[in-house]
Amino acid sequence: MKILVINPNTTASMTDHIGKAARSAASAGTEIVALNPVDGPISIEGYFDEAMSLAGLLGVIRNNPDCDAVVIACFDDTGLDAARCLTDKPVIGIGEAAYHFASMISNKFSVVTTLARSVPALEHNLSRYGLSVRCARVRSSEVAVLELEQPGSNARQKISAEIGLAVSEDRAEAIVLGCAGMASLANDLADEHGLPVLDGVTCAVKLAEAMGGLNMRTSRLGGYAPPPPGKLAAALG
């Protein structure tokens, strides 16, 4: 199968990082195509950046109709509902995927994300997905998204310290890393802290493979009905 993995920001180095993580989780025979829009924000940290990224994100989906599933590789699940209106292929947000996986391997989990301005969006998503009761806390490590790309930064140390607090203060039994740019840290941090640490990119890829293998399709009724052709053309050209 072919999975389109979209980084909704325009930082190509992060897209490469995300693609590598996705391929590490993919089964033999699964093709990962990792792309980002040409236009939009260089990072997504809060509501404004999300809004500015939507046209580019939807354009990537529209221009790649031959995929079997789509993964939106932003932990805010940027544009998830709109994307599901655009295609009947399974569209999976890395946040939603990781939350569901964490809820099946722990009684309660904490999320460690980037900046404080991202926390409310993640809390809203957890409530919308019906999983807020399973999440002990959404924590900010005060690591900017692009800091994860900078050699020599202390981003990993900050994230690890926040995980330690989640274990001692929240009594979290699992940790969800709240940024696609943290993907490569999950295994090492799990070994360091002795509990499951989940990366949403790999969770979403495995979920996409499962849904594709079952030939699942997004419903075309109700909220995920496709937009009228004229409106779609006017919006995306």
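This text gives an overview of the structure that appears in the document. These numbers come from a predicted model, not from an experiment. (Residues numbered from 1 in each chain as written. Predicted model: local features only at pLDDT ≥ 70, side-chain atom pairs only at ≥ 80, totals over all residues. Heavy atoms only, no water.)

1. Details of the overall build of the protein chain
Tallying secondary structure elements over the protein chain gives nine helices and eight strands in all. Against the compact-globule benchmark of 18 Å for 237 residues, the protein chain has a radius of gyration of 17 Å, which places it among compact chains. With respect to the principal axes defined by its C-alpha atoms, the protein chain has extents near 55 × 35 × 35 Å. Here the protein chain holds 237 residues, and the buried ones make up 53% of them. (Helix = DSSP H or I, 4+ residues; strand = E, 2+ residues; numbered from the N terminus. Rg over C-alpha atoms; globule rule 2.2 N^0.38 Å. Buried < 20%, exposed > 50% of the residue type's maximum accessible area, 1.4 Å probe, protein only.)

2. Structural notes on the sheet that holds strand β6 (residues 135-140)
Two strands in a sheet stick together by hydrogen bonds in their backbones, pointing the same way (parallel) or opposite ways (antiparallel). A sheet is described by the order of its strands in space; here four strands give the open sequence β6-β5-β7-β8, paired in parallel fashion. If you trace the sheet from one side to the other, it starts and ends with β6 and β8 (197-199), each paired once. Within the sheet, the average angular offset between the axes of one strand and its neighbour, ignoring direction, is 25°. Bridge count for strand β5 (residues 109-113) against β6 is five bridges, and the pairing is parallel. The residue of β6 that forms the bridge with T113 is S140. Its contacts with the sheet place helix α7 (residues 186-193) against β7 (174-178) and β8, and it is angled at close to 170° to β8. (Pairing = 2+ DSSP bridges. Axes fitted to C-alpha atoms, helices over the stretch in contact; angles between N-to-C directions. Contact = heavy atoms within 4.5 Å.)

3. Some details on the side chain of K89
Summarising the element assignment, K89 is placed in the loop between α3 (80-86) and β4 (91-93). When residues no more than four places from it in sequence are discounted, the contact partners of K89 are P65, C67, D68, A69, R217 and T218.

4. Observations regarding unusual backbone geometry
Backbone geometry places R171, a non-glycine residue, at a positive phi of 55°. Judged by its relative accessible area of 62%, R171 falls in the exposed class. Phi angles above zero are rare outside glycine, and N215 is one such case at about 55°. Inspection of the secondary structure puts N215 in the loop between α8 (200-213) and α9 (229-236).

5. Quick notes on the pairing of β7
Within a regular strand, the side chains alternate between the two sheet faces. With five of five residues buried, β7 is to be regarded as a mostly interior element. Neither face of β7 is left uncovered, since the one carrying A174, V176 and G178 and the one carrying I175 and L177 both have all their residues buried. Taken together, the five bridges between β5 and β7 define a ladder with parallel strand orientation. Residue pairing across strands places T113 opposite G178, the latter belonging to β7. In the sheet, β7 pairs with β8 via three bridges, with the strands oriented parallel. Counted as the bridge partner of I175 is V197 from β8. Remark: the β7/α7/β8 crossover connection has right-handed handedness. (Right-handed = clockwise from strand over helix to strand, strands pointing away.)

6. Considerations on the pairing of strand β3 (residues 69-72)
A two-sided burial pattern is seen for β3, the buried positions comprising A69 and V71 on one face and V70 and I72 on the other. In the sheet, strand β1 (residues 2-6) pairs with β3 via four bridges, with the strands oriented parallel. Each bridged residue has a counterpart across the sheet, and for I6 the counterpart in β3 is I72. In this sheet, β4 lies alongside β3 in parallel orientation, the contact comprising three bridges. From the neighbouring strand, V70 faces β4, where its bridge partner is V91. As for the winding sense of the linkage, the β-α-β connection from β3 through α3 to β4 is right-handed.

7. So, the sheet that holds β4
Spatially, the four strands line up as an open sheet ordered β2-β1-β3-β4, and their pairing is parallel. Looking along the sheet, the strands with just one partner apiece sit at the ends: β2 (31-35) and β4. Strand after strand, the sheet turns through a mean of 20° between neighbouring axes, direction not considered. Here helix α1 (residues 12-25) sits on the sheet and contacts β1 and β2; the angle it forms with β2, its principal contact strand, is near 165°.

Any functional reading would require information that these geometric values do not contain.
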